[in-house]
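These are the residues of each chain, in order.
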Amino acid sequence: MMWLERSQAPDTEDYGLLVAAATVAGSTTAHAVRDLLHYHGIRATTGPAHTTRHPDRHRVLVFPEDAVRAYEILVDNTV
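Residues numbered from 1 in each chain as written. Predicted model: local features only at pLDDT ≥ 70, side-chain atom pairs only at ≥ 80, totals over all residues. Heavy atoms only, no water.

Draft legend 1. Structural detail: the sheet that holds strand β1 (residues 19–25). The strand order β1-β3-β2 describes an open sheet built from 3 strands, whose pairing is antiparallel. Edge strands, defined here as strands with exactly one partner in the open sheet, are β1 and β2 (44–48). Averaged over neighbouring strand pairs, the angle between their axes works out to 30° when direction is ignored. Both β2 and strand β3 (residues 57–62) contribute to a ladder of 5 bridges, which runs antiparallel. (Pairing = 2+ DSSP bridges. Helix = DSSP H or I, 4+ residues; strand = E, 2+ residues; numbered from the N terminus. Axes fitted to C-alpha atoms, helices over the stretch in contact; angles between N-to-C directions.)

This is the structure we're talking about:
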């Protein structure tokens, strides 16, 4: 039997059924974006963005059926 050792992070991030609607710097910003989406009736949560270049990045995650609407809300509310 041969044991394999993973020496680096996977190429893709797996959030199960959820997809990333936004990537932001810091958990405070991630929670603000999540709250904005909740205000508009979109179920959202936050999670870490698994990146070594920017360790403080966070993802705002939504269900795929809400992704387009979430994008539109974020575009409308971005300066």
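Draft legend 2. Structural view of the pattern of salt bridges. Throughout the structure, instances matching the rule amount to 3 salt bridges. The shortest N-O distance in the salt bridge between R43 and E65 comes to 3.3 Å. One end of the pair, R43, is in the loop between α1 (27–39) and β2; the other, E65, is in the loop between β3 and α2 (67–76), with 22 residues separating them in the sequence. Classification of R43 as partly exposed rests on a relative accessible area of 47%. Linking D66 and R43 is a salt bridge whose minimum nitrogen-to-oxygen distance equals 3.7 Å. Of this pair, D66 sits in the loop between β3 and α2 while R43 is found in the loop between α1 and β2, placing the two residues 23 residues apart along the sequence. The class for D66 is buried, based on a relative accessible area of 14%. Taken together, the shared-partner salt bridges connect R43, E65 and D66 into one network. (Salt bridge = Lys/Arg side-chain N within 4 Å of Asp/Glu carboxyl O. Buried < 20%, exposed > 50% of the residue type's maximum accessible area, 1.4 Å probe, protein only.)

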